[in-house]
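# Working through the structure, step by step
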Amino acid sequence: MKLITTIVRPERLPDVKAALFQAGVTGITLSRVSGHGGEQEIVSQYRGTTVVMEFHEKVKIEMACSEPFVEPCIKAILASARTGEVGDGKIFVQPIERVIRIRTGEVDNAALTAVNAAAVQRAALESAHHAGVSAGEEEP
Ligand SMILES: Nc1ncnc2c1ncn2[C@@H]1O[C@H](COP(=O)(O)OP(=O)(O)OP(=O)(O)O)[C@@H](O)[C@H]1O
Ligand SMILES: [Mg+2]
């Protein structure tokens, strides 16, 4: 189990949500955050120069994923959140020690939103099949 935390541009959020949904990720926490990614705005003053740390509006998305969902989730974020400009954000992946569903007392994988690796694999096979067809492979 991994906790995937990603910081993305607010304007990419609709695409990121759709991509995560398509990858089968359903347990999600969203927060509006202010972030700083290392950029430094230089402000000149009367004597010398002052470097200002600017904060930008970002969206933080947190997802606890069982192992089959980790790579599909990362791929979905990369494909949907990237503009190629600075400030596209980051993905942090951390191990999770325990998950407990409060209602039932279920723990770990059983406590995560229904694990449906079959659906993820089916979707991956379908998209590989479509890529093959468009590359000129014969239909079976
Ligand atoms: N090391 C970090 N720790 C925590 N949050 C971070 C870190 N780096 C970036 N973030 C968060 O991600 C947001 C976007 O970061 P950003 O994409 O600017 O990272 P970057 O490393 O400067 O990459 P780029 O060069 O593409 O801009 C930040 O505003 C901040 O919220
Ligand atoms: Mg940056």
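This is a predicted model, so every value here is computed, not measured. (Residues numbered from 1 in each chain as written. Chains lettered and ligands numbered in written order. Predicted model: local features only at pLDDT ≥ 70, side-chain atom pairs only at ≥ 80, totals over all residues.)

## Side note on the site of ligand 1
Inspection of the region around ligand 1 gives Ile 7, Gly 35, His 36, Gly 37, Gly 38, His 56, Lys 58, Val 86, Gly 87, Asp 88, Gly 89 and Lys 90 as its neighbouring residues. Here the shell around ligand 1 is composed, by residue class, of two nonpolar, seven polar and three charged. (Near = placed C-beta within 6 Å. Nonpolar A, V, L, I, M, F, W, Y, C, P; charged D, E, K, R; others polar.)

## Considerations on helix 2 (residues 67-81)
End to end, helix 2 covers 22 Å across 15 residues, agreeing with the expected 21 Å (1.5 Å per residue, within 8%). Along helix 2, the residues that are buried comprise Phe 69, Pro 72, Cys 73, Ala 76, Ile 77 and Ala 81. Angularly, the buried residues of helix 2 cover 140° about the axis, an arc narrow enough to put them on a single face. (Helix = DSSP H or I, 4+ residues; strand = E, 2+ residues; numbered from the N terminus. Expected span 1.5 Å × (residues − 1). Buried ≥ 20, exposed ≤ 12 C-beta atoms within 10 Å, placed from the backbone. Arc of directions from axis to C-beta.)

## Some words on the sheet that holds strand 5 (residues 56-65)
Ordered by their spatial adjacency, four strands build an open sheet running 2-5-1-6, and the pairing between neighbours is antiparallel. Each end of this open sheet is capped by a strand with a single partner; those strands are strand 2 (29-35) and strand 6 (90-95). Here the strands of the sheet are splayed against their neighbours by 25° on average, with no regard to which way each runs. Pairing of strand 1 (residues 2-8) with strand 6 involves six bridges; the strand directions are antiparallel. Bridge pairing links Thr 5 to Phe 92 in strand 6. (Pairing = 2+ DSSP bridges. Axes fitted to C-alpha atoms, helices over the stretch in contact; angles between N-to-C directions.)

## Some thoughts on the pairing of strand 5
The side chains of a regular strand alternate, first on one face of the sheet and then on the other. Note that strand 1 and strand 5 share seven bridges and pair antiparallel. Paired with Lys 2 across the strands is Cys 65, a residue of strand 5. In terms of strand pairing, strand 2 meets strand 5 through seven bridges, oriented antiparallel. By the bridge assignment for strand 5, Ser 34 is matched with Glu 57.

## Description of the environment of Ser 66
Assignment of secondary structure puts Ser 66 in the loop between strand 5 and helix 2. When the 21 C-beta atoms within 10 Å are taken as the criterion, Ser 66 is described as buried. Measuring from C-alpha to C-alpha, the distance between Ser 66 and Lys 2 comes to 6.6 Å, with 64 residues separating the pair along the chain.

## Thoughts on the packing of helix 1 (residues 13-22) against helix 2
The interhelical angle for the contact between helix 1 and helix 2, taken along N-to-C directions, is 150°, at an axis separation of 8 Å. The pairing of helix 1 with helix 2 is recorded here as roughly antiparallel in orientation. Every pair of crossing elements has a handedness; the one defined by helix 1 and helix 2 is right-handed. Every residue of helix 2 that contacts helix 1 at Asp 15, Val 16, Ala 19, Leu 20 and Gln 22 is listed here: Cys 73, Ala 76, Ile 77, Ala 79, Ser 80 and Ala 81. Across the contact of helix 1 with helix 2, the residue classes tally to eight nonpolar, two polar and one charged. (Parallel < 35°, antiparallel > 145°, perpendicular 65-115°, else oblique. Left-handed = near helix turned anticlockwise from the far one by under 90°. Contact = placed C-beta atoms within 7 Å.)

## Quick notes on the nonpolar core
Core analysis: the largest hydrophobic core is formed by 17 residues, its most contacted members being Val 16, Leu 20, Val 25 and Cys 73. Listed by contribution, the elements that provide at least two residues to this core are strand 1, helix 1, strand 5 and helix 2. Broken down by element, this core gets its largest block of residues, five residues, from helix 2. Once you skip the residues sitting within four places of it in the chain, Val 25 turns out to touch Leu 20, Met 63, Cys 65, Phe 69 and Cys 73. (Core = buried A, V, L, I, M, F, W, Y, C linked by C-beta atoms within 7 Å.)

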